[in-house]
Amino acid sequence: MSVITNYRKLSNAINKVCLTICVALLGAMVVVTFIQIICRVFFTALSWSEELARYFLIWASLLGAGCVYKSGSNIAVLFLQGLLPGKLKSFAKILVHILCGFFFALAIYHGFRYMGLMGTQKSAALHIPMRYMYLAVPLGCSIMEIHALDAILGEIFAKGEEKQ
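This text gives an overview of the structure that appears in the document.

The rules behind the values
Residues numbered from 1 in each chain as written. Predicted model: local features only at pLDDT ≥ 70, side-chain atom pairs only at ≥ 80, totals over all residues. Heavy atoms only, no water. Helix = DSSP H or I, 4+ residues; strand = E, 2+ residues; numbered from the N terminus. Buried < 20%, exposed > 50% of the residue type's maximum accessible area, 1.4 Å probe, protein only. Axes fitted to C-alpha atoms, helices over the stretch in contact; angles between N-to-C directions. Parallel < 35°, antiparallel > 145°, perpendicular 65-115°, else oblique. Left-handed = near helix turned anticlockwise from the far one by under 90°. Nonpolar A, V, L, I, M, F, W, Y, C, P; charged D, E, K, R; others polar. Contact = heavy atoms within 4.5 Å.

**Here's the deal with the overall build of the protein**
- Scanning the protein from N- to C-terminus turns up six helices and zero strands.
- Secondary structure of the protein in N-to-C order comes out as α-α-α-α-α-α.
- Taking the principal axes of the C-alpha coordinates as reference, the protein spans close to 65 × 35 × 35 Å.
- Each of the 164 residues in the protein was classed as buried or not, and the buried ones make up 34%.

**Description of the packing of helix 1 (residues 2-42) against helix 2 (residues 49-71)**
- Two elements in contact, helix 1 and helix 2, have axes whose closest approach is 8 Å; the angle formed by their N-to-C orientations is 155°. Here helix 1 is positioned roughly antiparallel relative to helix 2, judged by the angle of their axes. Relative to helix 2, the crossing made by helix 1 is left-handed.
- By residue class, the composition of the contact of helix 1 with helix 2 is 17 nonpolar, eight polar and two charged.

**Describing unusual backbone geometry**
- Even without being a glycine, H127 presents a positive backbone phi close to 55°.
- Tracing the backbone shows H127 in the loop between helix 4 (86-118) and helix 5 (131-134).
- Given a relative accessible area of 55%, H127 falls into the exposed group.

**A look at the environment of S49**
- Residue placement: S49 occurs in helix 2.
- Accessibility expressed as a relative area gives 3% for S49, which makes it buried.
- For the pair S49 and I4, spaced 45 residues apart in the sequence, the C-alpha separation amounts to 44 Å.
- The residues touching S49, leaving out its near neighbours within four places in the chain, are V32 and Q36.

Rendered as structure tokens:
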């Protein structure tokens, strides 16, 4: 059971790091947008601010999706699951997490493939390699994959404990 406990701790630590990064990215996005508005009104528009704010939003969205998945706050249709008895309800939860994990694995694979194909491009305003932007998809899905496995293990091995 210590492996499962350590995996849960790893998942929780990754979640805390992602939450911190998301808050920082969203704060930076607000600051960059505010500076852009001030410059547009009083001076001349910045050529890079819209692109940087967009990249911050992309990264915050994909890292934040992992946080939402971890907490179970994502949109779900629970009507049928609520009708199931205890053991079958647990099996349905595990099946859903397995299906999500399969989707995340596909997204990781194709995200890295796409990153390899298009990663040599440079962004228009900032001239940074686009592979750093495309990395958000496989990294965000990898985090969700970790949380999905944590949820599966928690559902299987949390017998008397309160399940998260």
